[in-house]
Amino acid sequence: MSAAATHTERFLEEIRREFPSFRLIHKRDDRFSRLIDAALRVVTLGGQREYLTRYHTVIAGRLYVPACWDDEDDLDRVIVLRHERVHLRQSRRYGFIGMAAIYLVPIFPLGLAYGRARIEWEAYTESLRATAELRGLDAARHPALRAHIMKQFTSAAYGWMWPFPGQLSRWYDEALAAIEAESSTGRGAAGYDAATP
Ligand SMILES: [Zn+2]
């Protein structure tokens, strides 16, 4: 194993300690993932075509990773894993059926999937926090990151799950302000709940 994989491997170990049955699966080798890919292309009218190549997905305690996983930057992978660990914890909190009900069922109707938006918002807040911790506050404040995260909610990526940029902007500002406050006080994430809508 190369030295560059160290942060990723260490964080994967941390996840396995918390979730002993955790497995990491490459989507390209997985028939189930190819089926989901085909279904997503249909329900988003071709708007989501990158399920196999760009997106990381937690289902039933497993993390399915896209083709580019092995080539991604070490710290970027840790940031992704911090986001996905939130979904693992949500699955534990809500149970697999509960999570599926919140996450998958609201694909119908597209566009107003509030439960899914909340679940993703909690996870993207963690992406933002991980970016601040691993890359610095300036990276977390970068407009390109903001645009990227906002787009996940408003575009076909997740079936137009929360197409309300004004409200998203407010969530984003609150989350960023709270993370900035955490980093200035050294308080860390404990007790922080301001970013959930
Ligand atoms: Zn997510």
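Residues numbered from 1 in each chain as written. Predicted model: local features only at pLDDT ≥ 70, side-chain atom pairs only at ≥ 80, totals over all residues. Heavy atoms only, no water.

Examining the overall build of the protein
Turning to step 1, where the next piece is worked out: Check the secondary structure of the protein and you find 7 helices and 3 strands.
Turning to step 2, where the next piece is worked out: If you list the helices and strands of the protein from N to C, you get α-β-α-β-β-α-α-α-α-α.
Turning to step 3, where the next piece is worked out: Split into buried and exposed, the 197 residues of the protein put 46% on the buried side.
Turning to step 4, where the next piece is worked out: Sequence-distant contacts in the protein: of pairs separated by 6 or more residues, those separated by 24 or more amount to 64%.
Turning to step 5, where the next piece is worked out: When the accessible surface of the protein is totalled, it reaches about 10200 Å², and 59% of it is carbon and sulfur. (Helix = DSSP H or I, 4+ residues; strand = E, 2+ residues; numbered from the N terminus. Buried < 20%, exposed > 50% of the residue type's maximum accessible area, 1.4 Å probe, protein only. Contact = heavy atoms within 4.5 Å. Areas by Shrake-Rupley, 256 points an atom, 1.4 Å probe, with all protein chains shown as cover.)

Quick notes on the coordination of the zinc ion
Turning to step 1, where the next piece is worked out: The coordination sphere of the zinc ion, as far as protein atoms go, consists of H83 (NE2), H87 (NE2), E120 (OE) and E120 (OE), spread over 2.1 to 2.5 Å.
Turning to step 2, where the next piece is worked out: Read from N- to C-terminus, the donor residues coordinating the zinc ion fall into the pattern H-x3-H-x32-E. With H87 in helix α3 (residues 74-103) and E120 in helix α4 (residues 114-135), the pair connects residues that are 33 residues apart, well separated along the chain. For the pair H87 and E120, a shared accessibility class is recorded, and that class is buried. (Donors = N, O, S within 2.8 Å, 3.2 Å for Na, K, Ca; no water.)

Digging into the environment of G136
Turning to step 1, where the next piece is worked out: Secondary-structure assignment places G136 in the loop between α4 and α5 (137-141).
Turning to step 2, where the next piece is worked out: Judged by relative accessible area, which is 24%, G136 ranks as partly exposed.

Topic: the packing of α4 against helix α7 (residues 165-185)
Turning to step 1, where the next piece is worked out: Direction vectors running N to C along α4 and α7 enclose 40°, while the axes themselves pass 10 Å from each other. Taken together, the axes of α4 and α7 lie oblique to each other. Taken as a pair, α4 and α7 cross one another with a handedness that is right-handed. In this structure, α4 uses W121, T125, L128, R129 and A132 to contact α7, whose residues at the interface are L168, W171, Y172, A175, L176, I179 and E182. (Axes fitted to C-alpha atoms, helices over the stretch in contact; angles between N-to-C directions. Parallel < 35°, antiparallel > 145°, perpendicular 65-115°, else oblique. Left-handed = near helix turned anticlockwise from the far one by under 90°.)

So, the packing of α4 against helix α6 (residues 143-154)
Turning to step 1, where the next piece is worked out: The N-to-C vectors of α4 and α6 enclose an angle of 165°; their axes lie 11 Å apart at closest approach. The angle between α4 and α6 falls in the class roughly antiparallel. You can see that α4 and α6 cross each other, and the crossing is right-handed. In this structure, α4 contributes A117, E120, W121, Y124, L128 and T131 to the contact, and α6 contributes L145, I149, Q152 and F153.
Turning to step 2, where the next piece is worked out: Partitioning the contact of α4 with α6 into residue classes produces 7 nonpolar, 2 polar and 1 charged. (Nonpolar A, V, L, I, M, F, W, Y, C, P; charged D, E, K, R; others polar.)

Here we look at α4
Residues spaced three or four apart along an α-helix point in a common direction, a consequence of the helix completing one turn every 3.6 residues.
Turning to step 1, where the next piece is worked out: Helix length check: α4, at 22 residues, gives a terminal C-alpha distance of 30 Å against a target of 32 Å (1.5 Å per residue), a fit within 8%.
Turning to step 2, where the next piece is worked out: Two residues or fewer past α4, G136 is found with a positive phi of approximately 100°. (Expected span 1.5 Å × (residues − 1).)

Re the side chain of E182
Turning to step 1, where the next piece is worked out: Position of E182 among the secondary structure elements: in helix α7.
Turning to step 2, where the next piece is worked out: Here R129 takes part through its side chain, which lies 3.1 Å from a polar atom of the side chain of E182. (Polar contact = N/O pair within 3.5 Å; in protein donor to acceptor, adjacent residues only side chain to side chain.)

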